[in-house]
Amino acid sequence: MREITYRKIVAERFGGAEVLRTVRATLPQPPRGHVRVRVLAAGVGFTDLMARSGDYLLQRRTPFTPGYEIAGEVVDFAVDGEAPSWLEAGVRVAAALTKMAGYTEYITLPLWQLVPLPDGLEPRLASAVPLDYLTALSLIDTHARLKAGDTVLIQGASGGVGQAASQLGRLRGLRMYGTASAPGSRDVLARHGVRYIDYRHEDFEAVLREREPGGVQAVFDHIGRANLSKGYRILAPGGVLVSFAFSGRPGHMVGDTLRGATRLRLMNLRPGRRAAQSVVPWEMKSRRDSYRAALARLLDLAHRGEITPQIVATRPLSQAADVHAALERREITGKVVLTAD
Ligand SMILES: NC(=O)c1ccc[n+]([C@@H]2O[C@H](COP(=O)([O-])OP(=O)(O)OC[C@H]3O[C@@H](n4cnc5c(N)ncnc54)[C@H](OP(=O)(O)O)[C@@H]3O)[C@@H](O)[C@H]2O)c1
């Protein structure tokens, strides 16, 4: 096995997009139980921008390489006992990461994190599946346990996680409301069968009280603060508020996350309704088999065209800083994929 020299993107300190630099590194031989992967594509999510600016509870140290999801091809591996039949050099794989590291040309990952791509699924498309769609599955299945006909409010339904939840919700036969505001959001939501609420001009609590007087079975929230109580109040008896971020106040997200998590726990002291928090990087670690089965199922759905990540731009890895800056200025809105230069 050879040593590999490669480039990766590093946030050398917390700050604006300019802190992202390309650095050279060497990838040592893989430790036992690990696989070296040449990364062909890495998804960019809002969480990466939060982490880079120092606003993300799960990334409190620099330097680090952003990125929670990749697709690539196996270079080599050091696996104890019998390797799974699919594992060989050149096989294409995807993974969600438990720790950010995805903006890179090469990566070493534990075998359990890798899922082989269905034949013919483009790595670029595959790299946009893991984080958003695993989060959506965690919301719908793990925490809310929704069934056909149930009604849900999806906050940020035009975003990466929101559209993933909308697409999976439609496949499940859910009745869905969604909040968004950007121009064109009404059409985006309508494509997924989601009723649109413009959060800048409408109060979602008032809208839901009027249209769903019996309450909704679930609310998926990524804003936090006042939204948590408002979401809780529109739940039907037995309903659940699932929080998947606390991103309503940029610059204060670490504190808002800690306070928000406490608030969810307090809500659970009251009977009748539930509150839960979805944190996919933690859930992956504690339920490895479920993670692998879920990602395999999602990649298969993507291959069959039943879910379609909405990739708005594909850029070379070396342009990661420009991509972050463009997303922050809202010159690009939506999912971006970084590909090997
Ligand atoms: N729990 C997990 O494991 C996990 C996994 C992935 C992501 N996340 C988190 O989930 C959040 C969303 O990520 P993403 O990648 O989907 O982000 P994104 O693509 O940037 O989407 C954000 C969405 O939020 C909407 N929005 C903004 N302000 C809002 C408000 N006040 N009320 C309702 N909607 C609002 C935006 O709508 P307009 O643009 O139309 O205004 C957009 O639809 C982030 O905080 C991210 O860190 C958590």
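That block above? That's the structure.
Residues numbered from 1 in each chain as written. Predicted model: local features only at pLDDT ≥ 70, side-chain atom pairs only at ≥ 80, totals over all residues. Heavy atoms only, no water.

Asks: Honestly, the nonpolar core in this entry has me stumped. Any pointers?
Replies: Nonpolar side chains in soluble globular proteins generally cluster together in the buried interior. Grouped together as the largest cluster of nonpolar side chains are 88 residues, with contacts concentrated most on Ile70, Leu168, Phe220, Leu298 and Leu299. Here this core spans two domains, since at least three of its residues come from each of domain 1 (4-128 + 309-339) and domain 2 (131-281). Those residues in contact with Leu298, other than ones at most four positions away along the chain, are Val129, Tyr133, Leu134, Leu137, Leu168 and Ile307. Counting residues in hydrophobic clusters, the runner-up holds 17 residues, among them Tyr177, Ile197, Leu235 and Leu241. (Core = buried A, V, L, I, M, F, W, Y, C linked by side-chain atoms within 4.5 Å. Buried < 20%, exposed > 50% of the residue type's maximum accessible area, 1.4 Å probe, protein only. Domains from an automatic or database assignment. Contact = heavy atoms within 4.5 Å.)

Asks: Where do I start with the side chain of Asp55 in this structure?
Replies: Locating Asp55 in the fold gives a position in the loop between helix H1 (46-52) and strand E4 (69-78). Within the buried set, Asp55 has no salt-bridge partner at all; the shortest N-O distance to an opposite charge, 6.5 Å, is to Arg60. One polar contact links the side chain of Asp55 to the main-chain amide nitrogen of Gly251, over a distance of 2.6 Å. Ignoring sequence-local partners within four residues, the contact set of Asp55 consists of Met50, Arg249, Pro250, Gly251, His252, Met253 and Val254. (Helix = DSSP H or I, 4+ residues; strand = E, 2+ residues; numbered from the N terminus. Lys, Arg positive; Asp, Glu negative; His and termini not counted. Salt bridge = Lys/Arg side-chain N within 4 Å of Asp/Glu carboxyl O. Polar contact = N/O pair within 3.5 Å; in protein donor to acceptor, adjacent residues only side chain to side chain.)

Asks: Which parts of the structure should I look at to understand the pattern of salt bridges?
Replies: Should their charged atoms come close, side chains of opposite charge can pair. As enumerated under the stated definition, the model contains 22 salt bridges in all. Ionic pairing is found between Asp203 and Lys230, a salt bridge with its closest N-O pair at 2.6 Å. Within this pair, whereas Asp203 is found in the loop between strand E10 (194-198) and helix H6 (204-211), its partner Lys230 is found in helix H7 (residues 226-233), the two being separated by 27 residues in sequence. Among the ionic pairs, Glu205 bridges to Lys230, the shortest N-O distance being 3.8 Å. Here Glu205 is found in helix H6, whereas its partner Lys230 is found in helix H7, with 25 residues between them in sequence. Relative accessible area serves as the criterion here: at 17%, Lys230 is assigned to the buried category.

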